[in-house]
Structures are given as C-alpha cells and as structure tokens.
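Descriptive analysis of the structure
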Amino acid sequence: MLLRHTPKEVSERKALTVNPAKTCQPVGAMYAALGVHGCLPHSHGSQGCCSYHRSTLTRHYKDPIMAGTSSFTEGSSVFGGQANLLQALANMFTIYNPDLVAVHTTCLSETIGDDIAQIVKKATDDGKVPEGKKVIYCNTPSYVGSHITGFANMCTGIAKGLAEHTGVAKDQVNILPGWVEPSDMKEMKEIAARLGANIVMFPDTDGVVNTPQTGEFKMYPDGGAKVEDIATAGDSIKTLALGKWASEDCAKYLDASFKVPYEVLDIPYGLSATDRFVQALASAAKVEIPESFIAERGRLVDVISDMSQYLHGKKVALYGDPDQLLPLTEFLLDLDMIPTAIVSGTPGKAFSKRITEMCAEKAPNVKVANGERADMFLLHQWIKNEPVDLLIGNTYGKYIARDEDIPFVRHGFPILDRIGHSYFPTVGYNGGIRLLEKMLGVIMDRQDRDAPETRFELVM
Ligand code: SF4
C-alpha cells in the first residue's frame, strides 16, 4: 500500500495540494515551441525549471528534447534578467544556429517583472538576432493555470510572432490541434488529406519528438510546422481550435488580428467528437466526406456493438487535462460506461459545468472537480468511497491502481513508464478503436484473472 496514508473520509482542504493533477506553464510552452520546425525553445529563468521540463518531456517521449535557459543567478533575480537573455540569444544563434528561438518565462522572471518584449527588441536592435532569424515569445507565469495554459500561451505567441495577413485569401483551414501526442497530430493531418482539405496545423510535434533512429543526431528534426506555412495562417478561411483550454486564445487572436473566424471543437477522441471534427473540417474546407470515412466510422461502431457486454455499466475514474477529459467522458457515455469521479488540476469553471451537464442523464452522480485542490489525493478518496472498474490517466495513477487493484489505462501527459503514445493515435475513428482496445484489454485481463475455473472463458 504505497498510498496507505490516504484516508477514506474527505475533509475540506484550502491550502494543501497532494499529488497534483497538473504541472506548471513552461513545460507546455516548451512542448508547443517544439512543434515549430527549426525552433529552439528557451526558458527565461533559473536553469532548474528548464532541466525539469526537458527531462519530463524526454521521459515521456524517450527522445532528446532541446531547450536553452537564461540561467538566472541571485544577481539577475534581483536586478533583472535582461543581460542573461541577451547573452543567451547571442550564444544560441552562434552555437546552435536555430531558425528561431521561442522564449517563455518562469515564476522567477515573472515575479521580478522582466519585460520580454523590450528585451527581445533590444536584442534585435543590438544585432544579436541574425538576419533572417526570429525570436518569438510569450509569458508563462507558473502560478497561473497549468501546463495547458502555458501551451495555449505559446500557441498564441507563435501566431503573434509568425502569422501574417497578405490580403490574398488562401483556400485552407487552420487547425490548432491542442495538447495531443505527435501520433495524434499525424492522424489529424492524414484525416485532412483523405478528406481533401487543405490545412495549416500548428504546433505540430510529429517528426520532432517521435524521430527515427538513423545513427545521426539532428538538433532540429525534420518535423514541425514550417515558419512559412504558419505565416499564411492569417489568410486562411477558418480556424478550427481543438480544445477550449489549449487552443481558443490563439484562435481568438487570429480572428481579432486577421479576421479569420474560428470554431472551438473538442479534441476528436471517440465517436461523437470525431463526427463533429470531420463534419466541421469538411464544411470549412467545402469538401464532401468520402465513403471511406463511413466505413472507418462503421468499424468503430462495429467494435462498440461487438464488445458492449464488457463495457456496459462499468464505473470509470479519470483525471488529466480538461480538453482531453471532456471528449473522453463523452466517449465513455457513448459506450454506456459510467464516469463516477473526474479531476483536472487545470482551473476553469466551464469544465465542471460541462461535465455535469454531459453526465446529467446517464451518470447523474458523477463527482467532478478541477483547479488547485482537484488532485490525485481527492480522486483516490472518491474511489475509496465508490470503487471503480477502470482508471484512466497519466502514469501517476499507477499508485492508486495498485493500491485499489483497479484495471488501468494510461492516457494523457506524462506517461513515463510505457510507450505507444508517440506512435499510435487515439484521435479519430481509428484512434477510438485503439482506445477501446486498451480499455477492453485491461477489463478482460481482469475478468480472466478473477474468474473461477468454471467461468474461465476461452472465447470472449
Ligand atoms: S513552478 Fe516555477 S520554479 Fe517550479 S518548475 Fe515551474 S516555473 Fe520553475
């Protein structure tokens, strides 16, 4: 019992967070910046944050994650980090030769109030940014929101720094994929290609954090959204922003600056959210949905109906990022499963409200919380009070799964102890089949383990 000190009785906590269901902004900004080809993320603060965020991404992807840091000392913490960032930009462009640097901040540089826009202007004026190179930036105070907020802020930073408006309309749709895996971004590009829809997608970490081993280290891998493609985002017909928390701010910026209208959609996990995504993309790009999609959707429906006896009525607890939890919960409801306990460390009132509305008919007793005190400790207590048949979330759930003996599906960020998330998508109809396969796998393994000899089935 690794979590033997978690009591069943839930008492109100005002200040203490235990085992948070979130992390801090800069890691999200770093992940988003990696989704631009030739970009070197840069953490403006002391170097501990940068090491931690690089190492978390490396442990999740099992790939090298590059980033620079301003390496604050006590002096810069008192007198400001301008000199550090100026020196860092000069060093990075000289030694590592990126096409662009994407600067984010930490709680330290935010607390002392460094003006990143002014420092970047000075670096440019002083000739520390070579001709043809760029520095983009955003503010990512760690005491606001979560890693998702940081991802969202860097998406807007990318748009602010790179998107343009030429006045010549382009027959293309912007897709802001939200915080998903590179495999999911690849699947979204393939869905668009099969629909015949022209898209510009950013950020795009496919080919950056899931690179092949060729014997040659590439500091800037082949993948990532190209600067020249992102530049055209101001001329697009429409923006599809996947995930309110990760993508809406950037879509709003593109609308306000370039009059590109936007629609906020859920990340296409499961049947219903994928239906909405495919329809919205086809309608924005003015293309017909080909027959092949009907067949693909039909295969997911077929698996659901083939296996419904194992899913029906199963209670599920889940935790993670709001943009992921919303469509995942909807998928569970579509499967006639019962979400009973849901937590997200990311704040935002719309989350609990939407989950409650979504579950009102089929799972009216769902417990849901998000924000500072919505942590894994609370989730564990809820599970102790109402046991579940399945737990879905990142690697940190393995302690609860082990103590309470619950079948466990890893999904979300970070996954530090399994592979697959970089390579096999869980978005789209095919991704829905993969999600089902993962859930059914652990549920049926449990049935096999617990069945008496007389009920141990060969065919399931
Ligand atoms: S909370 Fe602040 S100090 Fe800690 S890793 Fe995040 S940015 Fe750095």
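Nothing here was measured: the structure is a model prediction, and the numbers come from that model.

Cut-offs used in this document
- Residue numbers restart at each chain and count upward from 1, following the sequence in its written direction.
- The model is predicted, so local features are restricted to residues of pLDDT at least 70 and side-chain atom pairs to those at 80 or more, both for listing and for counting; the totals for chains, interfaces and linings are taken over all residues.
- Heavy atoms throughout the structure, all of them, feed into the side-chain values; hydrogens and water do not.
- Cavities and pockets are found on a 1 Å grid laid over the protein atoms alone: a cavity is a set of points where a 1.4 Å probe fits but cannot escape, a pocket is an open set with protein on both sides within 12 Å along at least five of seven lines, and a lining residue has an atom within 4 Å of such a point.
- Grid points are joined across faces, edges and corners, and a volume is the space filled by probe spheres set on the points.
- Residue polarity is assigned by list, with Asp, Glu, Lys and Arg as charged and Ala, Val, Leu, Ile, Met, Phe, Trp, Tyr, Cys and Pro as nonpolar; anything else, Gly included, falls into the polar class.
- Working definition of a nonpolar core: buried Ala, Val, Leu, Ile, Met, Phe, Trp, Tyr and Cys residues. They are joined through side-chain atoms within 4.5 Å.
- Buried means the residue's accessible area, taken with a 1.4 Å probe over protein chains only, is under 20% of the maximum for its type, while exposed means over 50%, and partly exposed covers the values in between.
- In this description, contact between two residues means that some pair of their heavy atoms is separated by no more than 4.5 Å.
- Runs of H or I in DSSP of at least four residues are treated as helices and runs of E of at least two as strands, each being numbered from the N terminus.
- When DSSP locates at least two bridges between a pair of strands, those strands are taken to pair.
- What counts as a disulfide here is a pair of cysteine sulfur atoms lying within 2.5 Å.

**With respect to the layout of surface pockets**
- Considered as a void within the structure, the largest pocket measures approximately 430 Å³ in volume.
- What lines the largest pocket is a set of 24 residues, and nearest its centre among them are Asp63, Val208, Thr211, Lys218 and Pro221.
- For the lining of the largest pocket, a count of residues per class yields 13 nonpolar, seven polar and four charged.
- Looking at the second largest pocket, its volume works out to about 370 Å³.

**A look at the nonpolar core**
- Counting residues in hydrophobic clusters, the biggest one holds 102 residues, and the most contacted among them are Leu57, Phe202, Leu254, Phe277, Leu281, Met337 and Met439.
- Contacts of Met337, omitting those with residues within four sequence positions, involve Leu311, Gly313, Lys314, Val316, Leu332, Leu390, Met439 and Ile443.
- One finds Ala21, Trp382, Leu391 and Ile400 within the second-largest nonpolar core, a separate group that totals 19 residues.

**Some remarks on the pairing of strand E5 (residues 173–176)**
- Of the two faces of E5, the one carrying Val173 and Ile175 and the one carrying Asn174 and Leu176 are both buried.
- Direction of pairing for E5 relative to strand E6 (residues 199–201): parallel, over a ladder of three bridges. Across the sheet, the residue bridging to Asn174 is Val200, located in E6.
- As paired elements, E5 and strand E7 (residues 238–242) share four bridges and run parallel to each other. Along E7, the bridge assignment pairs Leu176 with Ala241.

**Let's talk about the state of the cysteines**
- Summed over all chains, the structure comprises zero disulfides.
- There is no disulfide at Cys50, and the cysteine sulfur nearest it, in Cys49, is 8.3 Å away.
- Taking relative accessible area as the criterion, Cys50 reaches 3% and is therefore assigned buried.

Any link to function would need more than the numbers given here.
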